[in-house]
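Structural overview
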Amino acid sequence: MKRGITFLASLLALLLTVGCGAQTAPEVDAAALAQALRQQVSFESELRELSASQLENYLVLPNGTEAYSYMSAGTTAEEILVAKCASEDDARTLKAAVESFLADQRQEMQRYLPEEAARLTHAVLAQKSVYVVLCVSADAQTAEQIIKEKLG
Amino acid sequence: MNRRHRRRRRRTKLWMLAAAAIVIVAVVLIAVLSGKKSPATDSGDISDPVPADTNVDQPVTPEDDTPEEPPKEPYQTIAITGDQEQYDALYRIGDTGFEMYTYVDGVAQKYAEAVNRTADALAGKASVYVLPVPLSSGITLPDALLGNNLFDDQAAAEEKIGAMLNASVHYVPLNDALMRHRTEYIYFRTDHHWTALGAYYAYRAFCGEKGITPHELRDYTKDEFAGFLGSFYRDSNQNDQMAAHPDVVEAWHPVTTEAMLDFTDTGGNTLRWKIIYDATDYEAGMKYNTFIAGDQPFTVINNPDVTDQSKCVVVKESFGNAFVPYLVDHYSTVYVIDYRYWGGDSLTDFVRENGVQDVVFVNNLSAIRSSYLIGKLQDIT
């Protein structure tokens, strides 16, 4: 009996340790990551920064999300989103919303601006821990490198 | 043997009595119920093909002197003809494509918010009209497929959008107006747009809401541009049946011959153009661009034949292009804003600064389910 309890306690401790390990997220400065993408990735058009309320025109952000976003000031599909959510579940929800947004954008571009639809096929979308990052640019390789560097 | 026979006869009699009782009860029930209006009719059930302009809320009493409006004809039916194939978001039946449609409530709410916000901001200054345009998959799709899992009910979607709009918004539902003509050439087969004939029926509905008299089709001069193979042709990997039977773009010129169109392109250049341009030499996929120079960020059409300084602004994506020519004869100036590309920040500021009286939103149901497009619309409202 005693041995059983000890075993269960050890198992619980192990599970807690593993759980805590999974919860440990790399601490990323979301604003700095957004800036890095804006400055180091090549964009064809000028990007305009979206306010939080402007971003909500396009996406429903889970409560407690900190987000930085830019969209093309012209008609290209170029855009950046860096979001830090309150939880990993929220990040997954936001990522799904971004995927749906991209599908809508792709349909529109396929019909009216086919060259932008091609650009969207190179969209870089990543979710790690509580972070969601999107970058649409012809320079997808640089975007990918920066995201990998920051999020690990 | 005899006793058994008698018992059987008695049982048969009992069954006959029971059957007679059921028939009597059924007859009485039918008589009682037929005297009542069904609750669905009272509430204008969206599945009921009663036209939107029929006032279903008006109680009709036998003493009422006003003659009852004769019931409208039921919609014509459309059967499936040809093989069927699905490609991503497109469904093809023979030589005809249909966009698959899902109603997205969250996006529809944002759309209604954008319209309501505009109407509130312009209260007392301008009237706001809204025409949500059904897709062909809500109107000309064969009946057997309407409302199945690939095609949400667009009449119901229209009803939901209408219910979200403020009372001050002039709502122009189009589902019934187009269903009444569903066997006519009101949508292209090889492209996702409506034809100018479909847009004409919408124009008539708009005139009804605005209280003006529409022109008849015979008042206009018509051009035809054959050989149109649009987005459905491309999305179906250039289907052979569509290639063998391309669309014809019909275009009706405004009655006035004096109106001038100037558009500003995405590069900021302003050009003078024709309201209906000769699309004969356009590529097969570009012939819808005959209308108002295609999708330009900003367009102004001045009609010197209308001298009352009336002005409207149409807020649209491409479905609006085929609709705008009909408005030209009713206003001194028609402004057209394609919210996807327009560089302005505020629609309401534009309306105030330019003394516009009517704001007309012409937006198709596919746009009203797109988070990207309605986000763009929200940006300017």
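Computed from a predicted structure; not experimentally measured. (Residues numbered from 1 in each chain as written. Chains lettered and ligands numbered in written order. Predicted model: local features only at pLDDT ≥ 70, side-chain atom pairs only at ≥ 80, totals over all residues.)

Here's the deal with helix 5 (residues 154-164) of chain B
Residues and elements named next belong to chain B. Every buried residue of helix 5 is accounted for by Gln154, Ala155, Ala157, Glu158 and Ile161. Taken end-on, helix 5 shows its buried residues confined to a sector of 160 degrees, consistent with a single buried face. Where helix 5 is buried, its residues touch helix 3 (105-121), strand 4 (127-133), helix 4 (136-139) and helix 6 (175-179). (Buried ≥ 20, exposed ≤ 12 C-beta atoms within 10 Å, placed from the backbone. Helix = DSSP H or I, 4+ residues; strand = E, 2+ residues; numbered from the N terminus. Arc of directions from axis to C-beta. Contact = placed C-beta atoms within 7 Å.)

Digging into the sheet that holds strand 11 (residues 311-316) of chain B
By way of backbone hydrogen bonds, the strands of a sheet pair with one another, either parallel or antiparallel. Residue and element names in this part refer to chain B. Taking strand neighbours across the sheet as the criterion, the eight strands line up as 5-4-13-11-12-10-8-9 in an open arrangement whose pairing is mixed. Pairing within the sheet leaves two strands with one partner each, and these edge strands are strand 5 (170-171) and strand 9 (270-273). Note that strand 11 and strand 13 (residues 358-364) share five bridges and pair parallel. Bridge pairing in strand 13 links lysine 316 to valine 362. Contacting strand 4, strand 11, strand 12 (333-338) and strand 13, helix 10 (residues 319-327) runs over the sheet at an angle of about 165 degrees to strand 11. Against the sheet, helix 11 (residues 347-354) contacts strand 11, strand 12 and strand 13, and its axis sits at roughly 165 degrees relative to strand 11. (Pairing = 2+ DSSP bridges. Axes fitted to C-alpha atoms, helices over the stretch in contact; angles between N-to-C directions.)

Quick look at the environment of valine 28 of chain A
Within the secondary structure layout, valine 28 of chain A lies in the loop between helix 1 (2-23) and helix 2 (30-40). In this structure, valine 28 of chain A is in contact with Leu33, Tyr131, Lys150 and Leu151 of chain A, ignoring residues within four places of it in sequence.

With respect to helix 6 (residues 140-151) of chain A
Because an α-helix packs 3.6 residues into every turn, residues spaced three or four apart end up facing the same way. Residues and elements named next belong to chain A. Here helix 6 spans 16 Å end to end across twelve residues, near enough to the 16 Å set by a 1.5 Å rise per residue. Within helix 6 the residues assigned to the buried category are Ala143, Ile147 and Lys150. Angularly, the buried residues of helix 6 cover 70 degrees about the axis, an arc narrow enough to put them on a single face. Exposed and oriented more than 90 degrees from the buried face of helix 6 are Gln141, Lys148 and Glu149. Where helix 6 is buried, its residues meet helix 2, strand 4 (124-128) and strand 5 (131-136). (Expected span 1.5 Å × (residues − 1).)

Notes on the packing of helix 4 (residues 88-112) of chain A against helix 12 (residues 371-380) of chain B
Between helix 4 of chain A and helix 12 of chain B, the least distance of the axes is 7 Å, while the angle of their chain directions is 85 degrees. Accordingly, the angle class assigned to the pair helix 4 of chain A and helix 12 of chain B is roughly perpendicular. Along its contact with helix 4 of chain A, which presents Ser100, Phe101, Asp104, Gln105 and Glu108 of chain A, the element helix 12 of chain B presents Ser371, Tyr372 and Leu373 of chain B. (Parallel < 35°, antiparallel > 145°, perpendicular 65-115°, else oblique.)

Some words on the sheet that holds strand 1 (residues 47-50) of chain A
All names here are of chain A. Taken together, the five strands give an open sheet; going across it, the order is 1-2-3-5-4, and neighbouring strands pair in antiparallel fashion. Two strands in the sheet have a free side with no partner beyond their single neighbour: strand 1 and strand 4. Taking the axes of each pair of neighbouring strands and ignoring which way they run, one obtains an average angle of 10 degrees across the sheet. Note: strand 3 (residues 79-84) against strand 5, six bridges, orientation antiparallel. If you follow valine 82 over to strand 5, its bridge partner there is valine 133. Contacts between helix 2 and the sheet are confined to strand 1, strand 2 (66-72), strand 3 and strand 5, with strand 3 contributing the most and set at about 165 degrees to the helix.

Brief notes about the interface of chain A and chain B
With 15 residues of chain A at the contact, the number on the chain B side is 13 residues. If you list the elements that add at least two residues to the side of chain A that touches chain B, you get helix 3 (52-58) and helix 4 of chain A. Ranked by the residues each element gives to the side of chain A that touches chain B, the list is headed by helix 4 of chain A, at eight residues. When its residues are assigned to classes, the side of chain A that touches chain B shows five nonpolar, seven polar and three charged. (Nonpolar A, V, L, I, M, F, W, Y, C, P; charged D, E, K, R; others polar.)

Digging into the environment of valine 328 of chain B
Residues and elements named next belong to chain B. Summarising the element assignment, valine 328 is placed in the loop between helix 10 and strand 12. Residue classification places valine 328 among the buried positions, given that 23 C-beta atoms sit within 10 Å. The residues contacting valine 328, other than those within four sequence positions of it, are Pro254, Thr256, Ala259, Ile275, Ile301, Asn303 and Val334.

Structural notes on the domain arrangement of chain B
Structurally, chain B comprises domain 1 (2-27) and domain 2 (84-380). Between the C-alpha centres of domain 1 of chain B and domain 2 of chain B there is a distance of 66 Å. (Domains from an automatic or database assignment.)

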